[in-house]
Structure formats: C-alpha cells, structure tokens
Amino acid sequence: MESCFVSTRDGVVLHARLFKPTSAQFATAVVLVHPYSKLGGCQVIMHGIASRLSIKGFTAVTFDMRGVGRSTGKSSITGIPEIEDVVAVCNWVSDNLPVNRILLVGSSAGAPIAGSALDHLEKVVGYVSIGYPFGLAASFLFGKHYKPTLKARKPKLFIMGSADWFTSVRQLKSKVKSCDGRAEMHLIQGAGHFEVEGPAFDSVMVNLIVEFHETL
C-alpha cells in the first residue's frame, strides 16, 4: 500500500492510497468511493475491499473525499462538490498508473457521488453501487445524483441488502428498471444498509465486483 496526494480542479488536495497487486493480472484499476463524510465515512472503510482486490490482481485505489482525514477542503451535505473529487482521482489514475480501464465502486452515499461522475470519465467502463440510498428521506440529500447515475449508459451493478433501511427492494427494482444501458441488481438476503458496507461483507463484495468485471 502506498500513499499519494491528488489535486482537484478547484484546489482541494485529496489523500489517496494505492493497493498494488504483487502480480498485476488486469489492466483495470478499481477506484473506491467511501460512504457519507458527514456520518464518519472515510477511505479506511474501503480498505478491506481494496486489499482483497489487490490479492486478486487488481490495482485498487481508495481516497478521502474533501474535508475527511488528511484531505483538505470542506465536506458538503449533498455530495455535489465531491463529484469533482471522484473525477480528479480517476483522472490521476489514468495519467499515472499502467491501466487502461477503470471500474468505479461507490458505497452508500459514495454510490450517488460516484454515479454522478460516470459521464465525465472516458476510461470508466463500469460502475458498482453498494447500498445506493434511493429512499425518500435520502432523496432530499442525494436526489440530484439520481438522474446522472441512471442515465449514464455504462454497465451498472446495484448491490443492496434486502433489509436496507434507506431503500426498499421495490424502490431499487424500479430504479434499476429505469436505467439507460445495461443495469442489474444483486440482493443480499436479510442484510441491512450498514451491515452491507461493513467488513463482514468485504469478501462478498469483492466476489461480486470481480464477477461483474469479467462481463465488461
């Protein structure tokens, strides 16, 4: 694991970590976007997934969005400024790492933020959402991200626990059905929102991400 710093176009400096495989098997980097900064979300939450992906031969990248950890700037309530953080990290990966494709993975509030960046990133070939907050209460914070995510034509996989507190299974099915391009969903039976984004499910998430990558 190596640390580095990435600058955004609006002057924020982000702290990122690279998880490099011992033997790179894939020319795809996986960029992971952590949960809601305002509720303590940070890149450490994504380290379990990142380390397991590196074992499987992927280069994985985690980072703290603005206002978190060693990253400068101020976190926002709606996650709109943080879209630029995702764009900056993905562009840095494209320019500095020996990869030609990026798979973008967002967890909880990181999912809508990552989804909003999809059409700004040429080398992103697919998107994985872990616990996308589509519910009514969450829509007041993240509703502006929904259309860019759903209308992006890049392949999308939505992973959610069937007992998610923010989004019902019915709501998720409706959103996935409304997507442009290829979109699919995977339900983890009996799991709640914060369980799915926790370390107990890291191996499950990695297996689903790898299987999805194989279809791209």
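Below is a short write-up of the structure.

Here is what the cut-offs are and how they apply
Residues numbered from 1 in each chain as written. Predicted model: local features only at pLDDT ≥ 70, side-chain atom pairs only at ≥ 80, totals over all residues. Heavy atoms only, no water. 1 Å grid on protein atoms, 1.4 Å probe; cavity = no way out; pocket = protein on both sides within 12 Å on 5 of 7 lines; lining within 4 Å. Points joined across faces, edges and corners; volume = space filled by probe spheres on them. Helix = DSSP H or I, 4+ residues; strand = E, 2+ residues; numbered from the N terminus. Nonpolar A, V, L, I, M, F, W, Y, C, P; charged D, E, K, R; others polar. Buried < 20%, exposed > 50% of the residue type's maximum accessible area, 1.4 Å probe, protein only. Pairing = 2+ DSSP bridges. Right-handed = clockwise from strand over helix to strand, strands pointing away. Salt bridge = Lys/Arg side-chain N within 4 Å of Asp/Glu carboxyl O. Patch = residues over 30% accessible without salt bridge, like charges linked within 9 Å, V, L, I, M, F, W, Y side chains within 5 Å. Areas by Shrake-Rupley, 256 points an atom, 1.4 Å probe, with all protein chains shown as cover. Axes fitted to C-alpha atoms, helices over the stretch in contact; angles between N-to-C directions. Parallel < 35°, antiparallel > 145°, perpendicular 65-115°, else oblique. Left-handed = near helix turned anticlockwise from the far one by under 90°. Contact = heavy atoms within 4.5 Å.

Description of the layout of surface pockets
Within this model, the largest pocket holds a volume of roughly 220 Å³. Tyr36, Leu39, Ser108, Phe166 and Phe194 are the residues nearest the centre of the largest pocket, which is lined by 17 residues in total. Looking at the lining of the largest pocket element by element, the count peaks at 4 residues for helix H4 (residues 136-151). Counted by class, the lining of the largest pocket contains 12 nonpolar, 4 polar and 1 charged residues.

Some thoughts on the pairing of strand S6 (residues 124-130)
Across the 7 residues of S6, 6 count as buried, placing the element largely inside the fold. Judged from the 6 bridges that link them, strand S5 (residues 101-107) and S6 form a sheet pairing that is parallel. Along S6, the bridge assignment pairs Leu104 with Tyr127. Where the polypeptide runs from S5 across helix H3 (residues 110-117) and back to S6, its parallel neighbour, the crossover connection is right-handed. Regarding the hand of the β-α-β motif, the stretch spanning S6, H4 and strand S7 (residues 156-161) is right-handed.

As for the pattern of salt bridges
Tallied over the entire structure, the rule returns 7 salt bridges. Taking the shortest distance from any N to any O, the salt bridge between Arg66 and Asp85 comes out at 2.7 Å. In this pair, Arg66 sits in the loop between strand S4 (59-63) and helix H2 (82-96) while Asp85 sits in helix H2, placing the two residues 19 residues apart along the sequence. No difference in accessibility class separates Arg66 from Asp85, as the two residues are buried. Here Arg182 and Glu184 are joined by a salt bridge, their closest N and O atoms 3.0 Å apart. By sharing partners, the salt bridges in this structure join Asp10, Arg66 and Asp85 into a single network.

Brief notes about the environment of Gly57
Note on placement: Gly57 falls in the loop between helix H1 (47-55) and S4. According to the relative accessible area criterion, Gly57 is buried, its value standing at 1%. Spatially, the C-alpha atoms of Gly57 and Thr28 are 9.4 Å apart, while their sequence positions differ by 29 residues.

Re a nonpolar patch on the surface
Among the surface-exposed residues, Leu39, Trp165, Phe166 and Phe194 lie close enough to one another that they form a single nonpolar patch of about 480 Å² accessible area. With respect to the helices and strands, Trp165 occurs in the loop between S7 and helix H5 (169-177).

Side note on the packing of H1 against helix H7 (residues 202-213)
In contact at an axis separation of 9 Å, H1 and H7 are set at 50° when each is read in the N-to-C sense. Judged on the interaxial angle alone, H7 and H1 are oblique. As H1 runs across H7, the sense of the crossing is right-handed. Residues Gly48, Ile49, Arg52 and Leu53 of H1 form the contact with H7, whose participating residues are Asp202, Ser203, Met205, Val206, Ile209 and Val210. Among the residues forming the contact of H1 with H7, the class breakdown is 6 nonpolar, 2 polar and 2 charged.

Some words on the sheet that holds strand S2 (residues 13-19)
One open sheet holds the 8 strands; their spatial order is S1-S2-S4-S3-S5-S6-S7-S8, and the pairing between them is mixed. With one partner strand each, in any of the chains shown, strand S1 (2-7) and strand S8 (183-188) form the two edges of the open sheet. Each neighbouring strand pair of the sheet contributes to a mean axis angle of 20°, computed without reference to strand direction. Here S6 runs beside S7; their pairing, made up of 4 bridges, is parallel. Residue pairing for S7: Val128 is matched across the bridge by Leu157. Lying on the sheet, H1 is in contact with S2, strand S3 (28-33), S4 and S6; it crosses S2 at an angle near 40°. Along the sheet, H5 makes contact with S7 and S8, crossing S8 at roughly 165°.

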